[in-house]
Structures are given as C-alpha cells and as structure tokens.
Amino acid sequence: MSVAKPAFTGELVSYLLDSASDASLVSEALRLLAASGRPFAVDAADTMADVLESRTSAPEARSALLLALSESDRPAARYVQARLLAAWGKVEEAITAISATLGSLPASEPALLAARARWLVKQKRFAEAGVDLRAAFDTHPAYSFYVRTERLLEKVVSAKAIKSRRTIRLALLSSSTTGLLAPVLRAACFTRGIELELYEGVYGSYRQEVLDPTSGLYRFRPDAVVFLVNSHDLDLPPRGGAQQVEAFCQELRELWSALQAKNPCHIVQVGFESPAGGAWGSLEDSLPDGRRRMIAHANELLLRELPTGVSFLNVDVLAPGVPLESLQEWHASRQFPRADALPLFADAICAQLRAAVGLSSKVLVLDLDNTLWGGVIGEDGLGGIRIGPPTAEGEAHRALQLYAKELQARGVLLAVCSKNNLADAQAPFQSHADMVLKLDDFVSFKANWEDKATNLVAMAKELSLGLDSFVFLDDNPVERSWIRSQVPEVTVPDGGTTPWALLASLQRGMYFDSVALTSEDLERKQSYAATAALQQVQQSGASLEGFLQGLNMVATHGPVDANTIARVTQLVNKTNQFNVTTRRYSAEQVKQFAESPEWWCRWFRLADRFGDHGLIGTIFARIEGDTWFVDTWLMSCRVLGRHLEEFMCGQLLTAAAARGALSVVGEYLPTDKNAMAADLFPRMGFANDVTPGRFRFELATQQPLPAPWIQSRTEG
Amino acid sequence: MSQLAFLQRLFREIFEDDTLAITPETSHADIEGWDSIAQVKLVLAVESELGIRFESTEISAIQSVGDLMRAIEKHS
C-alpha cells in the first residue's frame, strides 16, 4: 500500500491556502505528497497538524476542520484528525481516530503506536499503552525512536500496570560511555517482559568497580553484569602486540572470577569488534600478527574454556558489513558502538540475559501458506505450491524451513497453526519431496478454521507451557495484529510478508538465544511427543495404576556437581509450574550450595518407555541442626502426572533421616503459575507447621509415601 | 514556523511534557533534564529525523533552541 494520497494532500493544501498562504506549509504538503515507503509521511502530517492547530482557534472553525478531515478516508486524514482532537482536549476521541488509522495500515507504524500510547497514558490506560510500545519496539525502529519514547516508557513502567516476567538488576561496566545504551536496553528488555534495574559504572573504571569491595557495583548487588570493551582498549599497532593482548585478556578473566567470588551473577562479556579500514588494509588479516588477527586472537583467548556463568557476545555478527563504530561519536563522547547500532546491540544483550535466566522463547509456531511454502495449498494443490528450487521464492521458503529445523536441533519446539483443512495442510509434509520439515517435527499441529488465538491458547495448555514462551510467525499482517491484540503475551515478529523478510525477522529477533547447550535441549522434542501420547492414553480411560506400571519408569539421581550445574540452573530459572518456592539462582550460586556441607542438592533424571527425558527435577535443602528446610523443589512440566514427586520426596526424607535429622520443613510460596504445587507437601504427608504456609514432616514418627512404579538408580 | 513546530514536538516527546512551549530563546536552564547526555540524545534524534549530521563543534556550541535551529539551517 502506498503513501500519501494526492487527493487528500490537495484538499489540505487548498484548505491551508484559503486560510492564509504560507510557503513552508505548501512545501510540507508537498512532502506529504511525495512520501514513499511508509504508509504516509508521519512527520509531515505532524507538522500539518501543528500548523492547523495553531491557526484554527474559533470553535466553529475547529468543528469545520474536524468535519472536513473526517470526511476523507485516508489514514493520514484520520491521523491529523486524531492529533487535533488530542490537542483540543478530546483525548478519548483521538484514541478512537488513531485506532482507525492503525487498523487500516498493513504494518505496525511505530510513530503512530507511540502517539496512541501517549494518549493512553494520559487516560491512565497504562496496560494498553504498554502493549502499543511493545509492538512499536518489535518493529526495530531507529535509535531516535528510543530517545523520543524514553520518558513515556518510564511512565508506563512506573505505573506497574504491566506485570513483568522478571526483574533483573544489571550493571554495565565499560570502557565507553553507556548513557545512550541505557534507554534502548530498557526498551529491549521491556519488550521481552523484563524489568531492568540498571547500574552504570563510570566509564573506564570497571577494574576499580570490581576490585574495590566497597564499590557502587557491590552495593548495587547485580544479578547480571555486562563487560563492554572495544578494540581501542587493546591499543594495537598495525602488527604485533601479542603480549598486551594476552595480558589484557588475562586481566579480564581475573576480573570475572573476582566479581563472581564476591557477587555471584551472570556475566555477559562483549567481544572485541573487528575494526574496518585499518591503515595496513588486508595485511592486518594476512600477517600472522596483523592487527585484525590479534583482535581475533583476543576473542579466542576470552572464549577459551569460558567459565560457568559467563557468556560471550560476538559483536561482529550484529552489523555485518557496517562499521560498528562511528569515529566521530568515539572522539566526541567515547560512544561505542555507534548510536544507530545500539538497538541491535541492546537486543543481543537482552537475548543473553533472557537465556541466562531461562526466559528465552521455547516454541516457534509457524503458519503454512506463504510462510512455510509459497502459495495456498488448498487452492494451488501439491503441484502448485513453491518450495525449494527452481523459483527464488521456493528457495527462500526452504531456507526458512531449514532455519526452523536447526532451531529444533537445539531444543526449540516447533508447532503449526494454519487456517486450512487438516488433510490439505498435512499433504506437503507427507508427500512433497522438497519439504525439509516433516509431520513428526511438530509437537502440535493445528490446521482448522478456528481463530488462531484460540488455537494458540489450546496449544499452550496441551504442552503445559506459558504463552509468553511462544513466537508466532505468520506472513499475514492481519493475523499478526489479531494475535498481538488477543494474546499479547505471545511474541509476534513484525517482518514483512515475503519469505526473506520472515526469515530476517526471526534472525533479527534473537528470541531463542541460549548460553549453554544441555543434553535435555537436544532431547526435548521426544519428551513433549511422549507427553502428548500420555494424554491420549489417559483419555482412553485405562486405569492409572496399570498405565503407570506400563511406563517402566527408571529414576536416576545424584548430588548436583560440575556436570549438572548448567542444567540444574536452567531448570531453577525457567520452571514456573511445578515449583514450590520459585527461587531463582545463578549458576554461581547453585555451585556454592552444591559445594557447601550445609546444603543437600540433588538432581533427578527420568527415563521411561518413551525415552530418556533427561535431568528433569531438583531439590535443594538447607540443613540447620536437626532440621532440613526445603529451599527449592521443582520438576519440569515434561514429566508431570507420572508421580515422580513421591519418589523425589522419598529420597529427600531418607537422606535427611540417614544424616540424623529429626524433621523436614517445606514451604509453598504462591505465584501466578505454581498453583499445581500448592498441595504438594500435604499430599506427601507433611502436616501444617505452626508457622503459616510451612509444612513439617517428623522423621521419627512418619514414613515416606511409597513410589512403587519407579525404579531407583543412584549415581555419585 | 515548521522547524520550531518540529522541535517543539521533539522536545515535548523527549521531556514527556506536552505543555512545554519553546522559543528560540529557550535554553538549558529553562528545561529540567536538558543536561549533557540529554543534549547528545536530542542532537541524535534531530540528526536522524532530518537526515543531517552536525559537526562536533556545532554540537557543543548549542546552548539554546535558537542555536539548534541555526545549526539545522546550516545543514538543510
């Protein structure tokens, strides 16, 4: 859809010229006319609204102008009308008018979303304003947009109308200034459901911050720290400098461990950028000690045996082909990376933070027609859809399928949600030779004529996963905005409509980033397939006992150790439902508990006839004299309904008794999501404690419940 | 007219105050929050919206809305 409509612009121009001639006004109108690439030139329309506002003061003139504008059906007319309504105090009417504009556009327009968010904030409708800002940030606007909405976002966040998934206390330690990064980082995290509390160290003083135990950094007590360095820090000549590179990287590694020893936290280490345009040109790559080679060597030194709790952010992949630095910004204000690269940079940091706390997206829900293949299967048939060569479009759809397949290979779940007849929708997966994805790649396959929001809600229930872990990829802008409005928890990439744009929006979004690969990631799909099969068995009415008996379950368990910290930490941070206390810990904290004699930290794995589900549960108990306190007890939703809890509890109580404890105390801390764990302790035979919300098991007089269906295997 | 209106819009958004009325005489001292970091952000927003690039010396010389308007004038 194009642009400013000549007829509308003409109407305005003549109206304006009738009122009083003004050359700049005409030129603004002409800019509106000439606008291209966007639905209309929002800035030109803004200027018009300003001018119209300032020269229309009589009430009759205002009404006449609003009437004239309402008679045009152009989106730009609705928008100018909305601006005037807002300026003249009719904010609710302004919201209605701009909603009409937004509804008529094929893609989200960040400036319009921000305008509506402003008016919604005025009306104290903060939650809706938040949805608009989130959709605006999801279009990946230019840096200036973040500047223009920084304070607006502050208002929305401080109104507390939107529940964040997690608050993260993040410290930025850097050798460049971070004042420009902060607002973009806040916006990026807000968009993904994270509320950021930010500490900005004085630039260039990160060593003192880490080494001085009384520094502001430690008073702040960060959950995560970003170390932002850049190639200026290495101060390399065109060739040579290996020693300074090694010394610098060694120092950084020492700072990581000093920091983690004093304040366990996740560390995001930003790698050195490979600077473009060095004076020695290609020699900086081809000489073994050329400058760019030395910088690559520095990154290699940082990456070598990356410790637990540290992730590496490769900045060179963020803006391929474009220098990450503006020398002018560097010299003027020690700004790195350059301002217009900050949105992408902030998203990359946010993706690693999400991964570190277990909030990365988990499910990619795919549309079919014109998303996974070109064309409409119900109309074009098997022979008519485009997938793979020879068409460029077909190749692009195939590339998108390959990308999805690669995501799946590291644990991302795939699902289908399409408006189609089921048989039509399944046919290409079964019998089209060029398809990469097959039916058994999907943990859920919804092809029907119900609305997609209903389908997504059903899917989330089926998989026992939150809608906030879903990413919905669809070429149709109408479906995208429907999902955004109906299930705002779902992440909806705002790409264009071509397969190239869809793939780019997935790549740009970094929704599924991961900082550690666990074997469970690789096996996840099988477990969810087993869960779906179990549901069917249960629905068929077989007896529960016979069903559990037939599963041939084997539970292996052992103390949390170096091999299991990564997975245990992942579970601690992402398990929401079967989790009695929902306490979140960093890998470093888990390590400290595991090594302490005052804690009992145990992991549990489960295998059954459907396969090995991997490490799926953990209990941490804190030992105080003759009483054990259950600090953490959780289980992955992949293995719910198998009565593993009786088994885990039995292990806990037996271990406590063996070490001479007299009682075990548990507590339940309710959240929005963990209702299923509310009666866990009573079910396991714990009695209400004198302290409300606590439960007590007396080892001298009580026996643990049996878990007859599960065979036990001990490790370590 | 249109340039001042554009800047007024920008100032109102950046400082989130829709009663803000600026004139060429409006300076750092008149607007709460117009500090050095806000100045950098403001200049970046102007550059990006208008597709121009200021010199570093021009940026540091901007003390008022009028200074900003003159700098824009020089580049457009």
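One structure accompanies this document, and this report is about it. Given the structure is predicted, the values throughout are model-derived calculations rather than measurements.

A look at the overall build of chain B
Argument step 1. Summing up its helical and strand segments, chain B has four helices and zero strands in all.
Argument step 2. Along its sequence from the N terminus, chain B presents helices and strands in the succession α-α-α-α.
Argument step 3. When the backbone C-alpha atoms are referred to their principal axes, chain B occupies close to 30 × 25 × 20 Å.
Argument step 4. The burial tally for chain B puts 50% of its 76 residues in the buried class.
Argument step 5. Excluding contacts between residues fewer than 6 apart, the proportion of contacts in chain B whose partners are at least 24 apart in sequence is 45%.
Argument step 6. Each charge class in chain B can be summarised by its mean position, and for the 6 positive and 14 negative side chains these summaries are 5 Å apart.

What about the side chain of A:Asp631?
Residues and elements named next belong to chain A.
Argument step 1. Secondary-structure assignment places aspartate 631 in strand 13 (residues 627–635).
Argument step 2. Take aspartate 631: its relative accessible area is 5%, and that puts it in the buried class.
Argument step 3. A polar contact of 2.8 Å, which involves the side chain of aspartate 631, links it to the side chain of tyrosine 585.
Argument step 4. Looking at aspartate 631, its side chain comes within polar contact range of the side chain of threonine 632, at 2.8 Å.
Argument step 5. When residues no more than four places from it in sequence are discounted, the contact partners of aspartate 631 are Thr581, Arg583, Tyr585, Trp599, Phe620, Ala621 and Arg622.

Quick notes on empty space enclosed by the protein
All names here are of chain A.
Argument step 1. Evaluated as defined, the whole model comprises two cavities of 30 Å³ or more.
Argument step 2. Counted as a void, the largest cavity has a volume near 120 Å³.
Argument step 3. Forming the walls of the largest cavity are 14 residues, and the residues nearest its centre are Ala188, Arg192, Asp347, Cys350 and Gly509.
Argument step 4. Going through the elements one at a time, helix 10 (181–191) and helix 17 (342–356) are the ones with two or more residues in the lining of the largest cavity.
Argument step 5. Per-element accounting of the lining of the largest cavity gives the leading share, four residues, to helix 17.
Argument step 6. When the residues that make up the lining of the largest cavity are grouped by side-chain class, the tally is seven nonpolar, three polar and four charged.

Analysis parameters
- Residues numbered from 1 in each chain as written.
- Chains lettered and ligands numbered in written order.
- Predicted model: local features only at pLDDT ≥ 70, side-chain atom pairs only at ≥ 80, totals over all residues.
- Heavy atoms only, no water.
- Helix = DSSP H or I, 4+ residues; strand = E, 2+ residues; numbered from the N terminus.
- Buried < 20%, exposed > 50% of the residue type's maximum accessible area, 1.4 Å probe, protein only.
- Contact = heavy atoms within 4.5 Å.
- Lys, Arg positive; Asp, Glu negative; His and termini not counted.
- Charge placed at Lys NZ, Arg CZ, Asp CG, Glu CD.
- Polar contact = N/O pair within 3.5 Å; in protein donor to acceptor, adjacent residues only side chain to side chain.
- 1 Å grid on protein atoms, 1.4 Å probe; cavity = no way out; pocket = protein on both sides within 12 Å on 5 of 7 lines; lining within 4 Å.
- Points joined across faces, edges and corners; volume = space filled by probe spheres on them.
- Nonpolar A, V, L, I, M, F, W, Y, C, P; charged D, E, K, R; others polar.

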